[in-house]
Structures are given as structure tokens and as C-alpha cells.
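Here is how the chains run, residue by residue.
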Amino acid sequence: MRTGTGTGTVTGTGTGTGTARTVTVTVYGAYGHTGRFVVAELRDRGFVPILAGRDAGRLRALAESAPGLEVRPASVDDPASLDRTLAGADAVINCAGPFALTAAPVIEAALRAGIPYVDVAAEIEANVDTFTRFADRAGEAGAVIVPAMAFYGGLGDLLTTAAMGDWTAADEATIAYGLSSWHPTSGTRTAGTVSRERRAGRRVRFTNGRLEYHDDEPTLLKWPFPAPLGTRQVMGEFTMADVVTIPSHLDIPEVRTHMTTEAAADLSSPETPAPTATDETGRSDQTFTVEAVVRSGDTERRAVATGQDIYAVTAPLAVEAIDRILTGRTHAVGVASAGQIFDAADFLRALAPHITFEPLQRGSES
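1. So, helix α1 (residues 33–44)
Then step 1. Taking 1.5 Å per residue, twelve residues should reach 16 Å; α1 reaches 17 Å between its end C-alpha atoms and fits that length.
Then step 2. Buried residues of α1: Thr34, Gly35, Phe37, Val38, Val39, Glu41 and Leu42, and no others.
Then step 3. Looking at the buried residues of α1, the elements they touch are β3 (24–28), β4 (48–53), β6 (91–94) and α10 (310–326).
Then step 4. Gly46 sits one or two residues past α1 and shows a positive phi near 90°.

Encoded structure:
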């Protein structure tokens, strides 16, 4: 695997000169809502993005706003085009959903190219597929594949891992999402439709150490978020990708995720518009508080993150992951979730100012 300096350049070109060279990262789905944030974050950190995706016209339009960037159209139905897209790149970030359709082909191309793969998939079934299908092959090849390196799946896993601290097991983990609102992108809506079809409209939870599909009605709960958000009504077992990432490496038989009812209602309504930019970076005015609580017996540990815009904050999560992979700051190879492959607390601190992270709180321990 190529190694780097953490500033968008790598050393050791194979010529014996030891000179630095630019690090290129293919962004598949670069013109999408999240993809644009990822491209901007890569450029801000000194990496050179390669703009890739299925729509050549949208790629060219994006390139006009980012002069000097290379455009490489590719289809997941055409392996040769994916190979051309990844040729010479140091890594790939897949931002193109539905990931049920794109993850496997892009991972296959990354394995052929011998480069790390990161995606921002929030689809539960797509992430299960990645772990199931590629764990053995990636491990044997010493490859690095990190799925769900995003707000859903990645952030909750990092917070839960940080909250665990020196615990090797816990009875349960709960991740409560305090979103002020949720204006979904078209990609989010499409991915949600694909997931619902795959599970025949059933709901899903992680209980007794496994995923379980069911038809139970959702429940409403009160969750005491830390100040200034305070206690809010949440929809219980509003299940997100954390039920895949967390159990992939932590011994926790019960993993639950809850969502503020306002955000859940926004997502379910077909009338809710897409996010609207309110600052120069393109972020919406949506704010979030995410609290992870792990319990062992009567003892609880917590970790909290706050920030703005769940789509925008996915970009520093994914790019920080790429930086750490390319600079060898990892704990695992193969298919690995964020909390398994990275130092969770250090990773979360590195996300400032995008995220405010409150480290392991021991005040609730007994």
C-alpha cells in the first residue's frame, strides 16, 4: 500500500529519489450532493480529486467550477471503464448511491487496482453485503475497505468505540440522533426506496447478536440529550447503518439507534424539499447532536458529537479516513468499520472544527 505524509503528498516514488508526489483520489459520484463536499474537502487538504461518475455531462459541469481536475466517466456496468477511472489513483471514495448497485463493482475495481476503498453508504443491506462478500478476499490481499465512512454508520461507530474505552464488551449500545431537521437529497430517497424493497417493507433491528426483520410499529420515547438540546421526543429503533458497523468489531449484542421525531417526519414526507445552502461552503442550517451510550450492567459510558449538516460533515469523515489509511495510521486490514480500523477518540478530535467531540464521560459510571 502506498504511504503518505498526511498533507496530500506521498513520499517514495519508486525512483529512489525520495521526492514527494501529489496524491490523487478518485471520487465516484463526484457531482452528487455529498460528492461535491468530498471533492471540496480533498482540495482543501491538498489532495487532487479525480472526478468520476456515470453522467459525463454533470462531471464536465463540475469540472468547470474546479479548473484543472480530470474527468473520468465510468459505469458500474462496465468494469473496464471503472479500471480506467481508478488507473494511477492512490485511493477511491465512492459517493454514488444506491450502494446496493455501486459498492460491489467499485470495490472489485479497487481490488484490481490495489488501492484502498472508502464509501459513504448508509444502506444497511449494502453494508452487510460489503462485509459478507469481501471480508475474506480483502483480508487475504491485505487490502483496506472501509464502508459507511459517513455520518450514519461511521460517526456512531466512532462514538461508541470511544465511549467503550477499555471495555471489551457491553450489554447494549444506543445511538440517539438529535437532528434539528432532515431535508433528504434525491440520493437519500432513492437509497431508502431500494432498502425498503430489499426488506419487503419490513423494519430492522439488531438484537440478540443478529439483525432481525420485523413488522412491529415504531415507538416514541423521550431522550435526554445533553444541553443545550435537552430532552426530545425520538422514534425508537429508527435503525441506521450503525447496527452493521458497531457489531462488526464490538462485542455488544443489542445495538439501537433513535431519531428525533421532527427529523423522522421530514424524511418520511414526500413534500420535504432537498437541503438548501445557507453559507459559502454549501452547508444547510441543519444542526445535529449525536449521543452514544454503552451500558454494562448498571454502568453507562457516553460520548457526544455536535455539528452542522449531516451531508457536509460526511466529507471530513471520509477524507480523514483516506488520509489515515494512506499514512498507515490504521489498526486493521480487510473490510473494517471506522471504529475498528482507526483510533476512535483521536479520529474524532481530528474532525474539529467540523465536529465538536466530548470525550468519554465517566460521570455516569457507578
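So, next bit.
2. Here's the deal with the confidence of the model for the protein
Then step 1. Per-residue confidence for the protein averages 93 on the pLDDT scale, and 93% of its residues sit at or above 70.
Then step 2. This model gives residues 9–19 a pLDDT under 50, and the stretch forms 20 contacts once residues within four places in sequence are excluded.

3. Examining the side chain of Asp266
Then step 1. Relative to the elements of secondary structure, Asp266 occurs in helix α9 (residues 261–268).
Then step 2. With no salt bridge to any partner, buried Asp266 finds its closest opposite charge in Arg189, at an N-O distance of 8.1 Å.
Then step 3. A distance of 3.0 Å separates a polar atom in the side chain of Asp266 from the backbone nitrogen of Trp182.

4. Quick word on the environment of Glu41
Then step 1. As for its placement among the helices and strands, Glu41 is situated in helix α1.
Then step 2. Residue Glu41 is classed as buried on the basis of its relative accessible area of 10%.
Then step 3. Considering only alpha carbons, one finds Glu41 and Leu82, 41 residues apart in sequence, at a separation of 23 Å.
Then step 4. Every residue in contact with Glu41, bar those within four places of it in the chain, is listed here: Ala315, Pro316, Val319 and His354.

5. So, the nonpolar core
Then step 1. Counting residues in each nonpolar core, the largest one holds 110 residues, and the members touching the most others are Met149, Phe151, Leu155, Leu179 and Trp182.
Then step 2. Looking at this core, the element that brings in the most residues is α10, giving twelve residues.
Then step 3. The contacts of Leu155, once residues within four sequence positions are left out, are Ala150, Phe288, Val290, Ala305, Leu317, Leu348 and Ile355.
Then step 4. Ala176, Trp223, Val234 and Val293 belong to the second-largest nonpolar core, a separate cluster that totals five residues.

6. Examining the side chain of Arg72
Then step 1. Mapped onto the fold, Arg72 is located in strand β5 (residues 71–73).
Then step 2. A distance of 3.0 Å separates a polar atom in the side chain of Arg72 from the backbone oxygen of Arg84.
Then step 3. Reaching out from Arg72, the side chain makes a polar contact with the backbone oxygen of Thr85 at a distance of 2.9 Å.
Then step 4. In contact with Arg72, other than residues within four places in its own chain, are Ile50, Leu51, Ala52, Gly53, Leu59, Arg84, Thr85, Leu86 and Ala87.

7. Focus: the pairing of strand β16 (residues 299–308)
The side chains of a regular strand alternate between the sheet's two faces.
Then step 1. Inspection of the sheet shows strand β15 (residues 287–296) paired to β16 by ten bridges, in the antiparallel sense. Across the sheet, Arg295 pairs through a bridge with Glu300, a residue of β16.
Then step 2. Hairpin connection between β15 and β16: a loop of two residues separates the two successive antiparallel strands, and Gly297 in this loop has a positive phi of roughly 65°.

Criteria and cut-off values
Residues numbered from 1 in each chain as written. Predicted model: local features only at pLDDT ≥ 70, side-chain atom pairs only at ≥ 80, totals over all residues. Heavy atoms only, no water. Helix = DSSP H or I, 4+ residues; strand = E, 2+ residues; numbered from the N terminus. Expected span 1.5 Å × (residues − 1). Buried < 20%, exposed > 50% of the residue type's maximum accessible area, 1.4 Å probe, protein only. Contact = heavy atoms within 4.5 Å. pLDDT = per-residue confidence, 0-100. Lys, Arg positive; Asp, Glu negative; His and termini not counted. Salt bridge = Lys/Arg side-chain N within 4 Å of Asp/Glu carboxyl O. Polar contact = N/O pair within 3.5 Å; in protein donor to acceptor, adjacent residues only side chain to side chain. Core = buried A, V, L, I, M, F, W, Y, C linked by side-chain atoms within 4.5 Å. Pairing = 2+ DSSP bridges.

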